[in-house]
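An overview of the molecular structure
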Amino acid sequence: MKPKLGLQGPVVAWQDCWAGEASDQLMRTGTGSIYPSQDPLPPPGQFVEAMRELGAEFYVHHMFPSLAGQAEMIRDMAMYGMEVCLGNEYGNINGPYVEGTNRYDVPDEALLEAARSGMLIGLLYDEPEHLQINASQYRKDAYLPHWGGTEGCSLAESQASVGAAVAARVGHVRDVLEKAGLDADGVPLVSEFVFPTMFHALARAGMAVCPKIMKESFQSLQLSTALGAARQYGRAMWICADLWGPDAGPWFTRTSGFPGHSPEEYASALRMGYYMGPTHLFTENIDVLLRYGDGRFRKTEFGDVWDEFARGFVPEHPLTWSHRDADPDIVFIHSDDSNYGQNARLFGNRGLAAPEATQSVFHVWHLLSHGTIPAHGSCMHIPGYAFPRKRLKAEVPKERFPLEQGWPFPSGERVHPLYYPVNNVLVYDEKVRERQLGRPKLIVVAGERIEDETLKAVRRRAEAGATVVIAGWLAEGNWPESGRAGEGTWLVTDSFLTDERVMETVKPFLGSPDCWIQRFGGTEVRMSKADERGFTLDFEISGRRGKTI
């Protein structure tokens, strides 16, 4: 059950080892600027060997839309026995785009070349939920969402339109591979999420889910949502430990926000991600782990963290569970509304006003997290957060990077801890069926809509003994009255924030604010703050064989 460990290629440190000078002729980051490479160009073989010495089993390659170096890279991956996942980020940033979208797809010929090598393990779609909702992030000539336009659609219709486009792309890739006699199951389309939205919509359409951890996320919310989507739709779950982030400090820094997390936070995040039992776990990007010069690589403090994790911690702490074993005590059901706090452009739809009911999702997370997750959004890209990286960008010119010792911002200004306590929560969408619910003690239902079969399944769970707290606009017309429901409780509310009955009802199920729990079958992963604010975590693993740290 060991996750495969991988590393993603550089975007600032040195030129791509196969594309060379083409690297400095296009935007390689989402910052809107071309960043010249900071280190000399290493030979391809030396780069691959450096990844292998760090314990990497696969390489996440930023594919050049010009296909510069593509054939040579695939040839070398096969020669060195390194598996490869092809990422579409450079194409998303620079084009060319699929007609009517802001999306780059790997061309069929390049897909087949990579698959025939026997080394291809996936096609990584970079932040497709972000680029569906915020369609002007990279492409400025027109407003063209990632999976196509949704103007004129209702919220449910917008979701269905996105799902149909994703399913069509999943089907196309499968068809191309199968017609060539290749294993289509071995090359999933992997959706990498920076916001905790659209996990379920894209999983339902056929994509593996890949939550980013660290970044600007509330970790427990991000992971509970990803775990639920993977479980509900039977998808693999990858995890990306994304070193880009909001903070700055006295650590090796390639550029503003990179890395935006301390080495200590990175070490805890890797263990946190590992204990979620993903099929694959990789770091974005390798720039922060290594420096290259004088003909050799040397590790930074972040490289030391990864090396200890991959070559020490992982073999010393074998997993006996996977993400597929996630077993909730609390189930949170909400429609997949694509709102993370921007309250606009849901599923990329500019003409649709965000229904107020979509904000109930934030209210529930505030409740479930003992008030630590804000009640007005589900990630840090909402009002109330000032990112230290912005000060670093303003105070240090681009030409001075990298900073070997970072920048000495006071630690009290950092905004991104890992710790947000919830008590063994999984998130399902409005289409979940009764057999998928498990046997939760508490079910909370919010969001803009729910399917009739799902509502009936929730009611049956209440009658069998569960406690259910449900938004009034979802219960009306069926079971609009609060009270006993068979062996359980049925509480209907119009406000998860101000209705005192809600807190009174859910409090026995929320666990301790001093412990974040996720359970996988007979194993319970317990996480607590290892420092005052929770930038680092302590772990306790409880199972049938006792406890280990």
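The structure displayed is predicted, hence computed values, not measured ones. (Residues numbered from 1 in each chain as written. Predicted model: local features only at pLDDT ≥ 70, side-chain atom pairs only at ≥ 80, totals over all residues. Heavy atoms only, no water.)

**Examining the overall build of the protein chain**
Stated formally: By definition, any uninterrupted DSSP run of H or I lasting at least four residues is a helix, any uninterrupted run of E lasting at least two residues is a strand, and each is numbered from the N terminus. Every radius of gyration here is taken over C-alpha atoms, with the globule rule written as 2.2 Å times N^0.38, N being the number of residues. Per-residue accessibility, obtained with a 1.4 Å probe over protein chains only, is compared with the maximum for each type, and a residue is labelled buried under 20%, exposed over 50%, and partly exposed between these values. Here, residues are in contact when the closest pair of their heavy atoms is within 4.5 Å. Shrake-Rupley sampling with a 1.4 Å probe provides the accessible areas, and residues are treated as covered by the protein chains on show and by no other component. Just so you know, the count uses Lys and Arg for positive and Asp and Glu for negative, and it drops His and the chain ends. Working definition for charges: the position is that of NZ of Lys, CZ of Arg, CG of Asp or CD of Glu.
For the protein chain, the count of helices and strands is 15 helices and 20 strands. In terms of overall size, the protein chain behaves like a compact globule, its C-alpha atoms giving a radius of gyration of 23 Å where 549 residues would be expected to give roughly 24 Å. For the protein chain, the C-alpha atoms occupy an extent of roughly 70 × 50 × 45 Å along the three principal directions. A buried classification covers 62% of the 549 residues belonging to the protein chain. Sequence separation of 24 or more characterises 72% of the internal contacts of the protein chain that already satisfy a separation of 6 or more. Carbon and sulfur atoms make up 48% of the accessible area of the protein chain, which amounts to about 19,600 Å² in all. With 54 positive and 71 negative side-chain charges, the protein chain shows a spacing of 2 Å between the two charge centroids.

**Some details on the state of the cysteines**
Here is the rule we go by: Cysteine sulfurs are considered disulfide-paired once they come within 2.5 Å of each other.
Counted according to the given criterion, the structure contains zero disulfides. Its sulfur unpaired, Cys240 is 5.5 Å from the next cysteine sulfur, which belongs to Cys210. Classification of Cys240 as buried rests on a relative accessible area of 0%.

**Thoughts on the nonpolar core**
Note the threshold: The set of buried Ala, Val, Leu, Ile, Met, Phe, Trp, Tyr and Cys residues whose side-chain atoms join them within 4.5 Å is what this entry labels a nonpolar core.
Leu123, Tyr266, Leu289, Trp306, Phe332, Trp365 and Trp490 are the most contacted members of the largest nonpolar core, which totals 162 residues. With residues near it in sequence (within four places) discarded, Tyr266 still touches Met214, Ala241, Leu243, Thr283, Leu289, Phe302, Val305 and Trp306. Formed by eleven residues, the second largest nonpolar core is a distinct cluster that contains Val60, Ile121, Cys210 and Phe282.

**Some details on unusual backbone geometry**
A cis amide bond links Gly95 to the next residue, Pro96, at an omega of 5 degrees. Residue Pro402 is bonded to the preceding Phe401 through a cis peptide linkage, with omega at 5 degrees. Within the secondary structure, Pro402 is located in the loop between helix H12 (388–395) and strand S12 (425–428). A positive phi angle, near 55 degrees, is found at Asn343, a position not held by glycine. Topologically, Asn343 is positioned in the loop between strand S11 (330–334) and helix H11 (360–368). For Asn343, a relative accessible area of 31% corresponds to the partly exposed category. Phi at Arg345 takes a positive value of approximately 55 degrees, unusual for a residue other than glycine. Residue position: Arg345 is located in the loop between S11 and H11.

**Concerning the pairing of strand S16 (residues 488–493)**
The condition that has to hold: Two strands pair under a simple rule: DSSP has to find at least two bridges between them.
Of all the six residues making up S16, five are buried; the element is thus mostly covered by neighbouring parts of the structure. By the bridge criterion, five bridges tie strand S14 (residues 467–471) to S16 in an arrangement that is parallel. Note that in S16 the partner of Ile470 across the bridge is Val492. Sheet topology note: the strand S15 (residues 483–485)/S16 ladder contains three bridges and is antiparallel. Among the inter-strand pairings, Gly483 is bridged to a residue of S16, identified as Trp490.

**Things to note about the environment of Gly91**
With respect to the helices and strands, Gly91 occurs in helix H3 (residues 89–94). On a C-alpha basis, the gap between Gly91 and Asn102 in space is 9.0 Å, while along the polypeptide they are eleven residues apart. Excluding anything up to four places from it in sequence, Gly91 contacts Pro65, Pro96, Tyr97 and Tyr104.

**Some details on the layout of surface pockets**
Put simply, the rule is: A cavity here means a set of points on a 1 Å grid, drawn over the protein atoms and nothing else, where a 1.4 Å probe fits but cannot get out; a pocket is an open set with protein on both sides within 12 Å along at least five of seven lines, and a residue lines either one if it has an atom within 4 Å of a point. Grid points are joined across faces, edges and corners, and a volume is the space filled by probe spheres set on the points.
Estimated volume of the largest pocket: approximately 810 Å³. Every residue lining the largest pocket is counted, 36 residues in all, and those nearest its centre are Gly30, Thr31, Gln137, Lys215 and Arg389. Put simply, the parts of the chain that give the lining of the largest pocket at least two residues each are H3 and H12. Considering every element that reaches the lining of the largest pocket, the biggest residue donor is H12, with three residues.

**Some thoughts on the packing of aromatic side chains**
Remark: the centre distance and the inter-plane angle together describe each pair of aromatic rings, the angle taken between the planes. Inclusion rule: Pairs were defined over the aromatic rings of Phe, Tyr and Trp, the Trp ring being its six-membered one, requiring ring centres within 6.5 Å. Orientation was assigned from the angle between planes: stacked under 30 degrees, edge-to-face over 60, tilted for the rest.
One pass over the full model with this rule turns up 27 aromatic pairs. Ring centres of Trp479 and Trp490 lie 6.0 Å apart, and the angle between their planes is 70 degrees; on these two criteria the pair is classed as edge-to-face. Of this pair, Trp479 sits in the loop between helix H14 (472–475) and S15 while Trp490 sits in strand S16; the two residues are eleven residues apart in sequence, bridging distant segments of the chain. Here Trp479 falls in the partly exposed class, since its relative accessible area comes to 25%. For Trp490, a relative accessible area of 1% gives the class buried. Put simply, the rings of Tyr274, Tyr275, Trp306, Phe309, Phe313, Trp321, Phe520 and Phe539 pair up and form one aromatic cluster.

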